[in-house]
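The residues making up each chain are set out below.
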Amino acid sequence: MAFLLSLCITGVFAFLGFVYPTQKILPDGYYVIRHPESLKRLYAVAQVEYFRKALLLFFWGRTENRKKYFDGSRQGIRNFMYQTKQSEFGHLGAFVVTFLACIILFYFSFYWLAGFAFLINILGNAYPVILQRYHRIRIGAFSIKFTMKSF
């Protein structure tokens with residue numbers, strides 16, 4: 001039940017993200033990484049790298065899947081930035097709604113269901129948010145180097 005709850009809520013946000021530019025709901029300032037060192041520490045402590053490797057192994061390992069997001073061009077960088085924001089918003093929205101559902105489940109004494117749903121929410125939504133923000137740090141550093149070489 002916990003998995004289905006998280007899957008349904010995340011699915012709603014994923015569908016909306018495929019249909020609409022949902023990242024525009026949040027202001028542009030939200031997507032600016034203000035404390036990259038803190039995010040890098042969180043990435044390391046939470047061991048998000050293992051999550052990233054699992055995604056590559058099971059979902060994004062095939063070259064044609066990855067080329068949908070980044071094709072190696074300047075426009076590819078813009079597309080990748082757009083995709084990270086879309087994905088981040090979808091997972092952030094799903095995280096918040098699922099977290100609220102966990103509070104409601106806990107209130108009504110569904111402790112085990114709330115606990116499992118919370119753990120699934122961390123892995124299924126919080127980790128992707130951290131990963132997308134980390135991608136933008138790396139893209140930012142790459143974009144600066146890429147721009148410098150253009151001159």
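Refer to the structure above for everything that follows.
Below, the structure is looked at part by part.

A look at the packing of helix H1 (residues 2–19) against helix H5 (residues 74–107)
Close contact between H1 and H5 brings their axes to 9 Å; oriented N to C, the two are set at 150°. Between H1 and H5, the crossing angle belongs to the class labelled roughly antiparallel. In this structure, H1 meets H5 at a crossing whose hand is right-handed. Every residue of H5 that contacts H1 at Leu 5, Ile 9, Thr 10, Phe 13 and Gly 17 is listed here: Gln 86, Gly 90, His 91, Gly 93, Ala 94, Val 97, Thr 98, Ala 101 and Leu 105.

So, unusual backbone geometry
Of note in this structure, Gln 47 is not a glycine but carries a positive phi near 55°. Structurally, Gln 47 is set in the loop between helix H2 (36–45) and helix H3 (48–60). A positive phi angle, near 70°, is found at Ser 109, a position not held by glycine. Relative to the assigned elements, Ser 109 resides in the loop between H5 and helix H6 (111–150). Accessibility expressed as a relative area gives 44% for Ser 109, which makes it partly exposed.

So, the side chain of Thr 22
Mapped onto the elements of the fold, Thr 22 is located in the loop between H1 and H2. Excluding its chain neighbours within four sequence positions, the residues that come into contact with Thr 22 are Leu 16, Gly 17, Gln 86 and Phe 89.

Quick notes on a nonpolar patch on the surface
Residues Val 96, Phe 99, Leu 100, Ile 103, Trp 112, Phe 116, Phe 118 and Leu 119 make up a contiguous nonpolar surface patch of about 820 Å² in total accessible area. Residue assignment for the nonpolar patch shows that the elements contributing at least two residues are H5 and H6. Structurally, Val 96 can be placed in helix H5. We classify Val 96 as partly exposed; its relative accessible area is 41%.

Criteria and cut-off values
- Residues numbered from 1 in each chain as written.
- Predicted model: local features only at pLDDT ≥ 70, side-chain atom pairs only at ≥ 80, totals over all residues.
- Heavy atoms only, no water.
- Axes fitted to C-alpha atoms, helices over the stretch in contact; angles between N-to-C directions.
- Helix = DSSP H or I, 4+ residues; strand = E, 2+ residues; numbered from the N terminus.
- Parallel < 35°, antiparallel > 145°, perpendicular 65-115°, else oblique.
- Left-handed = near helix turned anticlockwise from the far one by under 90°.
- Contact = heavy atoms within 4.5 Å.
- Buried < 20%, exposed > 50% of the residue type's maximum accessible area, 1.4 Å probe, protein only.
- Patch = residues over 30% accessible without salt bridge, like charges linked within 9 Å, V, L, I, M, F, W, Y side chains within 5 Å.
- Areas by Shrake-Rupley, 256 points an atom, 1.4 Å probe, with all protein chains shown as cover.
- Salt bridge = Lys/Arg side-chain N within 4 Å of Asp/Glu carboxyl O.

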